[in-house]
Amino acid sequence: MQCPLLYRFRVIDRLPQKPSEAATRGTLVHAVLERLFDAPAEERTAPRARALVPGQWDRLLESKPELAELFSGEGAGERLAGWLDQAEQLVEKWFSLEDPTRLEPAERELFVETELDSGLRLRGVIDRIDVAPTGEVRIVDYKTGKAPRPEYSEGALFQMKFYALVIWRLKNVVPRRLQLVYLGSGDVLTYDPVPADLERVERKLLALWEAITLATETGEWRPRPTKLCGWCDHQAVCPEFGGTPPVYPLSVRPAESVEGVQGRMEPVRAEAGQPAALESP
Ligand code: SF4
């Protein structure tokens, strides 16, 4: 949905991406918030959560030794200390938004997978699922960045509606609430979905997959420059920045020969107020 060419670089060419401090900090904070619930409710305090940060960083390094390159060279120790402190601050911020002594998550870091009637398979990892005594389900996702401006909140909620669709298909229950917890700005964004929302997401996903299938067959993946290009690892091979993409690794056929589909994939503005999304022509 963000940039077709970036999708190609990541999923088809599988170009390596450098680890980033921000993304790694997000992974670390998620690990701490998950592990905190191992403790009895009354012990889930902010100091305890902060104290989990260094140990979880060690575990992360063990599983991904390449992350060590983030903090190498001159001043590395100081930068690492500052970075860990930022992670601790984000963890502490969470206590002003939710009270873990009053929560007993039904699931944490839950891998979910389902297949739609069309055969399209959806997968994801949900940060937390709470289930009320009434059986109502709340899906919670932590973000270490800042909450989007209101005009972009629909885009942020798309991921949550995706999870809600998966849970609906798996358990036959429409989640009562979707909750995004933004630790960077201290905001909580909620949305109570109805079946029509999730049916709309399903249609959008099918259109997206149709567009991806077409682009895979034709090799036509268009760049879509936005300010997110600043975070893209692949500017050197992106035509928007004077680069040349690597040779397409799959065999292609012209778009006109792809039966039943006319035109070609390009990013379009899907709905007013939403960020541009890929849709089949
Ligand atoms: S630099 Fe921008 S336009 Fe180019 S691939 Fe990356 S996100 Fe897409």
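Shown above is the structure to which this text applies.
Below is a summary of the structure that appears in this document. Predicted model only: the values in this text are computed from it and were never measured. (Residues numbered from 1 in each chain as written. Predicted model: local features only at pLDDT ≥ 70, side-chain atom pairs only at ≥ 80, totals over all residues. Heavy atoms only, no water.)

1. Quick look at the overall build of the chain
Formally: Strands are runs of DSSP state E lasting at least two residues, helices are runs of H or I lasting at least four, and both sets are numbered from the N terminus onward. Burial status follows relative accessibility: with a 1.4 Å probe on protein chains alone, a residue under 20% of its type maximum counts as buried, one over 50% as exposed, and anything between as partly exposed. Note on contacts: a residue pair qualifies if any of its non-hydrogen atoms lie within 4.5 Å across the two residues. The accessible surface values rely on the Shrake-Rupley method and a 1.4 Å probe; as for residues, cover is taken only from the protein chains in view.
Across its full length, the chain holds 6 helices and 7 strands. Each helix and strand of the chain, placed in order from N terminus to C terminus, yields the pattern α-α-α-α-β-β-β-α-β-β-α-β-β. Expressed along its principal axes, the backbone C-alpha trace of the chain runs to roughly 65 × 55 × 30 Å. Residue burial in the chain is summarised as follows: out of 281 residues, 39% are buried. Across the chain, contacts joining residues at least 24 apart in sequence account for 67% of those joining residues at least 6 apart. When the accessible surface of the chain is totalled, it reaches about 15,300 Å², and 51% of it is carbon and sulfur.

2. A few points about the pairing of strand β1 (residues 107-115)
We apply this condition: At least two DSSP bridges between two strands are required for those strands to pair.
Alignment of β1 against strand β2 (residues 121-131), held across 8 bridges, turns out to be antiparallel. The residue of β2 that forms the bridge with Phe 111 is Val 125. In this antiparallel pair of consecutive strands, β1 and β2, the connection spans 5 residues, and Gly 119 shows a positive phi of 100°.

3. Concerning the site of the ligand
Our working definition: Here a residue is near a molecule or strand as soon as one of its heavy atoms is found within 4 Å of it. For this classification, the nonpolar set comprises Ala, Val, Leu, Ile, Met, Phe, Trp, Tyr, Cys and Pro, the charged set comprises Asp, Glu, Lys and Arg, and every other residue, Gly included, is treated as polar.
Lining the immediate environment of the ligand, one finds Cys 3, Leu 6, Pro 223, Arg 224, Pro 225, Cys 229, Cys 232, Gln 235, Cys 238 and Phe 241. Residue composition of the shell around the ligand, by class: 8 nonpolar, 1 polar and 1 charged.

4. Quick word on the pattern of salt bridges
The line we're drawing: Definition used for salt bridges: Asp or Glu carboxyl oxygen within 4 Å of a side-chain nitrogen of Lys or Arg.
For the structure shown, the criterion picks out 24 salt bridges. Here Glu 92 ties to Arg 50 by a salt bridge, and the two come within 2.4 Å at their closest N and O atoms. Residue Glu 92 is located in helix α4 (residues 76-94), and its partner Arg 50 is located in helix α3 (residues 46-63); the two are separated by 42 residues in the primary sequence. Glu 92 sits in the partly exposed class, given a relative accessible area of 35%. A relative accessible area of 22% places Arg 50 in the partly exposed class. Ionic contacts of the salt-bridge type, sharing partners, join the residues Glu 34, Arg 35, Asp 38 and Arg 108 into one network.

5. A word on the packing of helix α2 (residues 21-36) against α3
Put simply, the test is: Only the contacting stretch of a helix is used when fitting its axis, a line to C-alpha atoms as for every element, and angles between N-to-C directions run 0 to 180 degrees. Angles below 35 degrees are treated as roughly parallel, those above 145 as roughly antiparallel, those between 65 and 115 as roughly perpendicular, and all remaining angles as oblique. Definitions for this section: a left-handed crossing has its near helix turned counterclockwise from the far helix by less than a right angle. A right-handed crossing has that turn clockwise.
Where α2 meets α3, the closest approach of the two axes is 9 Å, and the angle between their N-to-C directions is 120°. The angle between α2 and α3 places the two elements in the oblique class. For the element pair α2 and α3, the recorded crossing hand is right-handed. Between α2, through Thr 24, Thr 27, Leu 28, Ala 31, Val 32, Arg 35 and Leu 36, and α3, the contact on the second element is made entirely by Arg 48, Ala 49, Leu 52, Val 53, Gln 56, Trp 57, Arg 59 and Leu 60.

6. Comments concerning the sheet that holds β2
If you walk across this open sheet you meet the 5 strands as β1-β2-β3-β4-β5, and the pairing is mixed. Strand pairing shows two members of the sheet lacking a second neighbour, β1 and β5 (187-191), which therefore form its edges. Strand-to-strand twist of the sheet, defined as the mean angle between neighbouring strand axes without regard to direction, takes the value 35°. Strands β1, β2 and β3 (137-143) of the sheet are contacted by α2, whose axis makes an angle of about 105° with β1.

7. Things to note about the nonpolar core
This is how it is decided: We define a nonpolar core as any set of buried Ala, Val, Leu, Ile, Met, Phe, Trp, Tyr and Cys residues linked to one another through side-chain atoms lying within 4.5 Å.
Residues Leu 122, Ile 126, Ile 139, Met 160, Leu 165 and Leu 205 are the most contacted members of the largest nonpolar core, which totals 26 residues. Only β1, β2, β3, α5 (153-171), β4 (177-182) and α6 (195-218) provide two or more residues apiece to this core. Of all the elements, α5 adds the most residues to this core, at 11 residues. The residues contacting Leu 165, other than those within four sequence positions of it, are Leu 122, Leu 198, Val 201, Glu 202 and Leu 205. If you look at the next biggest cluster of nonpolar residues, it comprises 24 residues, including Trp 57, Leu 60, Leu 84 and Val 140.

8. Here we look at the pairing of β3
In terms of burial, β3 is a largely internal element, 5 of the 7 residues being buried. Bridge analysis of β2 against β3 gives 4 bridges, and the strand direction is antiparallel. Opposite Ile 129, over in β3, you have Ile 139 as the bridge partner. In terms of strand pairing, β3 meets β4 through 6 bridges, oriented parallel. Counted as the bridge partner of Asp 141 is Leu 180 from β4.

9. Some remarks on the environment of Pro 193
By the secondary structure assignment, Pro 193 is in the loop between β5 and α6. Sequence separation between Pro 193 and Arg 176 is 17 residues, and the spatial gap between their C-alpha atoms is 6.7 Å. Once you skip the residues sitting within four places of it in the chain, Pro 193 turns out to touch Val 174, Pro 175, Arg 176, Arg 177, Leu 178 and Leu 198.

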